[in-house]
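# Structural characterization, general
Listed below, chain by chain, are the residues.
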Amino acid sequence: MNTSVFFGALTVAGLAAGAAAAGTLDDVKARDKLNCGVTTGLVGFAAPNANGEWEGFDVAVCRAVAAAVLGDSSKIEFVPTTGKTRFTALASGEIDMLARNTTWTFSRDVDLKFEFVGVNYYDGQGFMVPKELGVSSAKELDGATVCIQTGTTTELNLADFFRSNNISYEPVPIETNAEAQQQYLAGACDVYTTDASGLAATRATFDDPTAHAILPEIISKEPLGPLVRHGDHEWGDVVRWTLNAMVAAEELGVTSANLSEMASGTDNPEINRLLGTEGNLGEMLGLDADWAAKALSVGGNYGEVFAKNIGEDTPIGLARGLNAQWTDGGLLYAPPFR
Amino acid sequence: MSILTDPPKESFRPSMLIYDTRYRSMTIQVIALIGFLILVGWLISNTAQNLAELGKEPSFGFLSEPAGYDINQRLLDYDNQNSHFRAALIGLLNTLLVAFLGCITATILGVIIGVLRLSSNWLIARLMTIYVEMFRNVPVLLWIVFIMAILIESLPAPRDFRGDTPEATMNVFDSVAVTNRGVYVPEPLFHNSLGNIHLFGDAAVRFDISLDLVAFLIVLGGSLFASTKIRIWADKTQEATGLRPTTWHMRSAVVILPSLLLLVLLGFHLGYPALKGFNFQGGIHMRNSLIALWLALSLYTAAFIAEIVRAGILAISKGQTEAASALGLRPKRIMNLVVLPQALRVIIPPLISNYLNLTKNSSLAIAVGYMDLTGTLMGITMNQTGRELETVMLGMLVYLTISLVISGFMNWYNNRVKLVER
Amino acid sequence: MSDISFVRREMLPPKDPPASEVGVVGWIRANLFSGWLNSVLTIASLYFIIRVLMGLLGWAVVPTWSATSLTECRSIFEELGRHGHNAGACWGVISERWNQLLFGFYPRELQWRPVLDFLLLGVALAPVLFSDKVPAKLIYFTAIYPFVMPWLLWGGTIWTPVAVALGFVIAYAIFKMLAEKTSELIAMIASVVVALVWWLFLASLFSSALAAVIPLALEPVESRQFGGFMLSITIGVVAIGLSLPIGIVLALGRQSDLLIVKTLCVGFIEFIRGVPLITLLFVASTLLNIFMPPGTNFDIIMRVFIMVTLFASAYMAEVIRGGLAALPKGQYEGADSLGLNYWQAQRLIIMPQALKISIPGIVSTFIGVFKDTTLVSVIGLFDPLNLTNAIRADADWNGLVWELYGFIALLFFVFCFGMSRYSMYLERKLQTGHR
């Protein structure tokens with residue numbers, strides 16, 4: 001009897017949790033809360049502060065989506081996921097979107113049935129070594145001990161790189177960045193490899209950052225971006241265009257400082273369409289007309305979010321590089337808002 | 001007479017299924033079985049429905065695809081072009097390795113600490129109590145990461161061995177290098193090696209057997225057998241004459257000489273580790289992840305084993321020892337013939353269940369990056385293929401098999417010692 | 001001349017034993033230096049203790065309590081003239097994050113609720129654990145507590161726990177009513193069915209209707225906001241609380257003569273005990289939603305509760321089976337001779353005694369489960385161990401190890417040590433009561 005009581009209680013809880021309805025967008029609106037999957041902690045990209053509020057570059061994307069859909073960037077719940085749990089959490093509907101420095105790959109898109117809505121950070125896998133080793137190229141790393149973060153594409157890229165260059169190495173798989181850093185600093189591995197942004201972020205917190213060099217080789221393309229479930233195109237569009245709105249806003253010069261001014265109407269029709277004073281783009285998405293303005297009011301445009309969380313003035317100090325606007329020689333290129 | 005007292009034979013009525021104790025148990029069982037089958041059916045149909053919705057047909061085909069990742073510690077040959085199945089096998093062997101090593105050291109440590117806890121030296125007894133409480137009351141996962149951190153931070157890195165005035169030097173006549181990447185010890189090599197036998201061709205379970213090792217084991221086994229024969233002969237002589245012939249020199253010669261001869265014939269020598277390039281090369285490399293996990297598991301389990309051993313020793317009443325010495329037995333034989341057989345009956349069952357726990361706890365290896373079954377099959381393979389259902393089920397099945405084998409052994413042992421008790 | 005002879009009239013006072021045999025010195029001789037081996041051991045361990053203490057104190061006693069980042073700590077060490085990687089402890093991280101380590105992301109202003117909850121837990125357990133020292137009436141509070149506890153933790157309307165509790169009342173009433181008219185078996189099946197119908201379909205209607213009329217509610221808190229030690233303790237308490245009834249059923253099933261029931265119970269227990277908890281947590285994090293009907297979605301904490309409960313109930317079943325086996329056979333036979341049926345015998349005679357014997361085992365199962373809750377860090381829940389990763393992902397604290405691990409280890413130690421001491425005390429008490 002007690003077993004059935006238990007299952008009864010569970011089912012009650014299950015019903016209370018609510019069944020997923022047809023569209024994620026309707027779900028999110030009905031729930032009045034966005035569930036966003038993030039990492040359990042990566043410097044600059046997502047981490048809770050002392051008050052338990054999440055901050056970071058990936059977090060900013062989540063907040064922008066929450067603001068666009070629900071009008072309030074605090075109506076959001078951050079679901080920390082590990083490399084293992086992130087895809088099942090998304091597939092099972094536990095989270096509505098995943099913004100967890102996840103690499104866009106063919107098999108994840110096609111085989112695992114997810115939809116990458118865009119790229120919020122163009123990254124690549126690099127190597128960091130202590131300068132005292134005197135290594136200037138990754139090809140000189142024959143026989144080295146390499147610390148890698150598991151649960152990512154990193155170990156596959158690494159295996160491919162060393163195999164194609166026909167040199168040997170000793171992999172040391174590590175779950176979290178914090179532990180990898182500890183091993184690397186103590187000399188338990190010669191090289192630390194992960195995404196170049198992560199390397200820079202890690203190096204920035206070292207006692208003596210100048211004693212470590214990031215090698216010139218970038219051995220893989222790592223387009224990191226938010227993703228949603230396959231098949232729910234309305235929701236995918238919302239996330240995709242929120243991201244695009246952030247990128248386009250930078251290109252068009254819309255910042256959090258001049259947002260309210262511009263939202264009252266400008267001479268530039270594209271800005272007007274973006275901010276909802278002209279056309280009905282919001283309606284097409286199933287959102288309010290000023291959805292993009294709300295999204296931008298959280299942290300500003302892409303450039304501002306970048307500068308605040310991981311930019312050159314932060315301890316992490318990443319240059320824009322590939323992540324500059326296409327007009328500045330980068331890869332960021334938002335399709336037109338029309 | 002009994003015919004009169006018997007109630008008249010009733011014909012079966014459906015209500016008897018509920019009211020008649022003879023049939024009621026049947027009813028309950030049938031209900032339980034139906035309930036269970038419904039539950040299982042419900043789970044399976046849910047799973048099928050959900051998987052169909054996700055578009056993932058359950059299949060184990062991924063096991064034969066190339067794994068694509070490397071594993072640092074491998075007991076069999078493996079490279080990243082081998083299949084996921086091979087990777088899982090490597091992981092399983094690593095699990096078994098750390099479990100095996102852990103059980104041995106945990107037992108040795110546990111027995112020592114358990115005995116020392118009963119020591120008459122107040123300080124030692126207290127220290128051991130502190131040890132036991134410290135390890136029993138802090139989660140093993142914390143101990144694993146803690147010990148890993150200690151190893152990494154306190155031991156010298158290979159780069160410290162470099163240069164004209166190195167900060168660290170090798171130990172034991174320059175043969176053992178203790179670094180924070182692990183310990184490098186000399187490896188046995190043979191000039192006239194017999195070579196290897198390769199088994200199972202190209203199958204995923206292929207492996208090599210070193211003929212040198214086989215030969216050594218055969219010789220050792222043979223000499224141990226001979227040594228046992230000598231002991232039996234000594235026992236017989238003692239029974240016949242009352243005097244026990246001194247046999248230890250004969251027995252040790254029988255054990256040691258043939259093995260030594262074989263080693264000389266094979267051209268045995270040691271390969272020493274040496275710092276080349278980034279790392280030490282040569283020798284056997286025991287990685288720090290293995291050492292940390294092994295140490296943490298043995299120290300943690302030793303605390304529990306110490307308690308078991310202490311309880312086992314305390315359980316043997318003093319009268320037993322006294323009676324044995326009244327019979328004129330020497331202290332060593334009292335221990336062997338009277339105390340140990342009784343104490344072991346108390347100690348062994350919980351000891352084996354601690355071995356079981358240790359084996360299961362070895363799945364926490366991922367915390368230090370030791371590539372055991374959880375790290376390969378239920379770790380990287382699961383991440384890369386997205387086959388959660390299949391990998392987790394397979395992993396659970398393997399662990400279950402290991403556990404059942406160990407507990408099967410425990411039951412066998414329990415039954416065996418039961419016969420001793422009359 | 002004549003008075004040379006000397007006759008002692010009074011006794012000499014007994015001499016003190018030599019200074020080396022009594023007092024501190026004597027004690028030291030007897031207990032620390034009673035032989036050369038012991039002396040060597042003592043000196044070696046004294047040396048070891050002093051070395052460890054010196055190192056530890058030198059590292060721990062540093063004025064870094066108010067530092068706000070690791071860089072600040074490092075500059076403090078520079079001023080103190082200490083250098084190197086582990087120059088000293090950076091306690092600033094604890095002073096800034098202790099609240100997070102204890103409560104996770106539970107809203108600050110609501111943290112009285114978990115605190116009150118765990119205090120009430122003590123009150124609820126008192127009639128069971130210290131039955132001789134508290135009024136017996138307190139047992140009623142123990143009965144209510146399982147419904148109060150989730151309400152305090154999760155908040156929401158009070159009518160939800162009331163509705164759940166009402167399900168038990170209804171089931172009991174129906175059982176009583178039918179048991180007199182028909183057989184107990186029918187009554188039990190009927191009551192279970194009615195209770196299930198109530199919980200599945202009517203309870204939510206009932207609670208929302210009443211909530212609309214009498215809105216008695218606490219501010220709801222999402223389980224996602226649970227974290228730190230609070231999460232560990234909650235998982236431990238919920239798992240043990242729920243696993244107790246399941247464990248009893250499994251233990252009885254394992255002992256029963258009914259072949260199918262027995263096989264099912266043994267299969268379940270051996271399966272759960274045969275796999276590591278971490279694989280069950282993988283099931284919770286990746287598979288449980290696949291096993292449930294499409295559309296249901298427990299949050300991860302609920303799923304962890306389910307799997308840890310199943311895990312604990314298998315161990316609990318073994319503990320209770322031990323308790324049942326320890327009862328003398330006469331108790332069973334006595335119950336039979338009184339004409340009690342199976343359930344009456346269990347309820348009135350067997351279980352009260354068996355459970356009492358099992359309490360130490362239950363407590364150690366609890367300690368085990370509580371320690372094992374650190375494993376949830378592997379699937380991304382913010383237990384204390386995983387919080388260290390989140391804290392170290394803050395650029396201010398990146399690179400800290402010992403302070404955080406040490407703090408967590410200390411808290412776990414205090415908690416588990418207290419519990420195990422209690423269980424030992426209980427064991428002694430029960431033993432004397434038994435002979």
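## Thoughts on the overall build of chain C
Across its full length, chain C carries 16 helices and 2 strands. Taking 22 Å as the expected radius of gyration for a compact globule of 435 residues, we find that chain C reaches 30 Å, considerably beyond that expectation. With respect to the three principal axes, the spread of C-alpha positions in chain C is 115 × 75 × 45 Å. By the burial criterion, 37% of the 435 residues in chain C qualify as buried. For chain C, the share of sequence-separated contacts (at least 6 apart) that also reach a separation of at least 24 residues comes to 71%.

## Observations regarding the overall build of chain A
Within chain A one finds 14 helices and 14 strands. In terms of overall dimensions, chain A is globule-like: its C-alpha atoms have a radius of gyration of 22 Å, near the 20 Å expected for 338 residues. Overall size of chain A, expressed as C-alpha extent along the three principal axes, is 70 × 60 × 40 Å. Residue burial in chain A is summarised as follows: out of 338 residues, 56% are buried. For chain A, restricting intrachain contacts to residue pairs at least 6 apart in sequence, the fraction spanning at least 24 positions comes to 71%.

## Some remarks on the sheet that holds strand S1 (residues 177-179) of chain B
Residues and elements named next belong to chain B. Within the open sheet, the 3 strands sit side by side as S1-S2-S9. Their pairing is antiparallel. Two strands bound the open sheet, and with one partner strand each, they are S1 and strand S9 (284-287). Averaged over all pairs of adjacent strands, the angle between their axes in this sheet comes to 15°, without regard to strand direction. Sheet analysis places S1 next to strand S2 (residues 182-185), joined by 3 bridges and oriented antiparallel. Bridging across to S2, Thr179 finds its partner in Gly182.

## Concerning the interface of chain C and chain B
Many descriptions give the size of an interface as the accessible area lost when the pieces come together. Of the residues lining the interface, 45 residues belong to chain C; the matching set on chain B comes to 48 residues. Looking at the side of chain C that touches chain B, the elements that each hand over two or more residues are helix H2 (36-60), helix H8 (184-213), helix H10 (259-274), helix H11 (277-291) and helix H16 (402-434) of chain C. The class makeup of the residues in the side of chain C that touches chain B is 32 nonpolar, 12 polar and 1 charged.

## Thoughts on unusual backbone geometry
All names here are of chain A. Even without being a glycine, Lys113 presents a positive backbone phi close to 65°. As for its position among the elements, Lys113 is in the loop between helix H5 (106-110) and strand S6 (114-116). The class for Lys113 is partly exposed, based on 18 C-beta atoms found within 10 Å.

## Regarding the nonpolar core
In terms of nonpolar packing, the biggest core is built from 269 residues, with Cys62 and Val65 of chain A, Ile144, Leu293 and Ala296 of chain B together with Leu281 and Val304 of chain C touching the most fellow members. Contact partners of Leu293 of chain B, with chain neighbours within four places excluded, come to Val98, Ile144, Ser362, Ala365, Val368 and Tyr370 of chain B. With 9 residues, the next largest nonpolar core counts Ala163, Phe175, Trp199 and Ala203 of chain C among its residues.

## As for the packing of helix H6 (residues 140-154) of chain B against helix H9 (residues 288-315) of chain B
Residues and elements named next belong to chain B. Axis separation between H6 and H9 bottoms out at 9 Å; the angle between their running directions is 135°. Judged on the interaxial angle alone, H9 and H6 are oblique. Note that H6 runs across H9; the crossing there is right-handed. Only Asn288, Ile291, Ala292, Leu293, Leu295, Ala296, Leu299 and Tyr300 of H9 make contact with H6, whose side of the interface consists of Val140, Trp143, Ile144, Ile147, Met148, Leu151 and Ile152. Residues belonging to the contact of H6 with H9 are distributed by class as follows: 14 nonpolar, 1 polar and no charged.

## Focus: the interface of chain A and chain B
Every contact between the two is made by 30 residues of chain A and, on the other side, 30 residues of chain B. Within the residue set of the side of chain A that touches chain B, elements represented by two or more residues are helix H4 (86-91), strand S9 (144-149), helix H6 (154-164), strand S10 (169-174) and helix H7 (177-185) of chain A. It is S10 of chain A that contributes the most residues to the side of chain A that touches chain B, 5 residues altogether.

## With respect to the confidence of the model for chain A
All names here are of chain A. Looking at chain A, pLDDT values average 86 and 93% of them are 70 or higher. Summarising per-element confidence for chain A, the mean pLDDT is lowest in helix H1 (residues 2-17) (41) and highest in strand S5 (residues 97-98) (94). Counting contacts from residues 1-21, a segment whose pLDDT is below 50, to residues more than four positions away or on other chains yields 42 contacts.

## Comments concerning the domain arrangement of chain C
For chain C, the assigned domains read domain 1 (32-61) and domain 2 (226-435). Each of domain 1 of chain C and domain 2 of chain C has a C-alpha centre, and these two points are 39 Å apart.

## Re the packing of helix H4 (residues 84-117) of chain B against helix H5 (residues 122-136) of chain B
Residues and elements named next belong to chain B. Contact pair H4 / H5: the axes reach a minimum separation of 8 Å and the direction vectors enclose 130°. Between H4 and H5, the interaxial angle falls into the category oblique. Regarding H4 and H5, the two cross each other, and that crossing is left-handed. Contacts between H4 and H5 pair Ile113, Leu116 and Arg117 from the former with Ile124, Ala125, Met128, Thr129, Tyr131 and Val132 from the latter. Here the residues of the contact of H4 with H5 are counted per class, giving 7 nonpolar, 1 polar and 1 charged.

## Concerning the pairing of S9 of chain B
Residues and elements named next belong to chain B. Taking every second residue as pointing to the same face, the buried face of S9 carries His285 and Arg287, while none of Ile284 and Met286 on the other face is buried. Across 4 bridges, S2 lies against S9 in antiparallel orientation. Residue pairing for S9: Tyr184 is matched across the bridge by His285.

## What to know about helix H4 (residues 92-103) of chain C
Taken residue by residue, H4 of chain C has Gly92, Val93, Glu96, Arg97, Gln100, Leu101, Leu102 and Phe103 of chain C as its buried positions. Within two residues after H4 of chain C, Gly104 of chain C carries a phi angle of roughly 65°, on the positive side.

## Notes on the environment of Ile316 of chain A
Topologically, Ile316 of chain A is positioned in the segment after helix H14 (302-309). Taking the C-alpha atoms as reference points, Ile316 of chain A and Gly198 of chain A, separated by 118 residues in sequence, lie 8.9 Å from one another. For Ile316 of chain A, the contacting residues outside a window of four places in its chain are Val43, Gly44, Ala200, Ala201, Ala204 and Ile310 of chain A together with Ala395 of chain C.

## Description of the pairing of S9 of chain A
Residues and elements named next belong to chain A. Among the 6 residues of S9, 6 are classified as buried, and the element is accordingly described as predominantly covered. Burial along S9 is two-sided: the residues Ala144, Val146 and Ile148 and Thr145, Cys147 and Gln149 are all buried. Here S9 runs beside S10; their pairing, made up of 6 bridges, is parallel. Paired with Cys147 across the bridge in S10 is Val172.

## Notes on the sheet that holds strand S12 (residues 212-214) of chain A
Residues and elements named next belong to chain A. Spatial strand order, S10-S9-S11-S8-S12: 5 strands in an open sheet with mixed pairing. The open sheet terminates on both sides in strands that have one partner only, identified here as S10 and S12. Each neighbouring strand pair of the sheet contributes to a mean axis angle of 25°, computed without reference to strand direction. Note: strand S8 (residues 125-130) against S12, 3 bridges, orientation antiparallel. Looking at the pairing, Val129 lines up with Ala213 of S12. Across the sheet, H6 is in contact with S8, S9, S10 and strand S11 (191-195); its angle to S9 comes to roughly 150°. Against the sheet, H7 contacts S9, S10 and S11, and its axis sits at roughly 165° relative to S9.

## Let's talk about helix H7 (residues 159-181) of chain C
Under the 1.5 Å per step criterion, the end-to-end length of H7 of chain C is 32 Å for 23 residues, consistent within 8% with the ideal 33 Å. The complete set of buried residues in H7 of chain C reads Trp159, Thr160, Pro161, Ala163, Val164, Gly167, Ala171 and Phe175 of chain C.

## Here we look at the confidence of the model for chain C
Residues and elements named next belong to chain C. Of all residues in chain C, 98% have pLDDT values of 70 or greater, and the mean over the chain is 86. Considering each helix and strand of chain C separately, the mean pLDDT is smallest for helix H1 (residues 23-31), with a value of 80, and largest for H10, with 92. With a pTM of 0.87, the predicted complex shows an ipTM of 0.86.

Definitions and limits used
Residues numbered from 1 in each chain as written. Chains lettered and ligands numbered in written order. Predicted model: local features only at pLDDT ≥ 70, side-chain atom pairs only at ≥ 80, totals over all residues. Helix = DSSP H or I, 4+ residues; strand = E, 2+ residues; numbered from the N terminus. Rg over C-alpha atoms; globule rule 2.2 N^0.38 Å. Buried ≥ 20, exposed ≤ 12 C-beta atoms within 10 Å, placed from the backbone. Contact = placed C-beta atoms within 7 Å. Pairing = 2+ DSSP bridges. Axes fitted to C-alpha atoms, helices over the stretch in contact; angles between N-to-C directions. Nonpolar A, V, L, I, M, F, W, Y, C, P; charged D, E, K, R; others polar. Core = buried A, V, L, I, M, F, W, Y, C linked by C-beta atoms within 7 Å. Parallel < 35°, antiparallel > 145°, perpendicular 65-115°, else oblique. Left-handed = near helix turned anticlockwise from the far one by under 90°. pLDDT = per-residue confidence, 0-100. Domains from an automatic or database assignment. Expected span 1.5 Å × (residues − 1).

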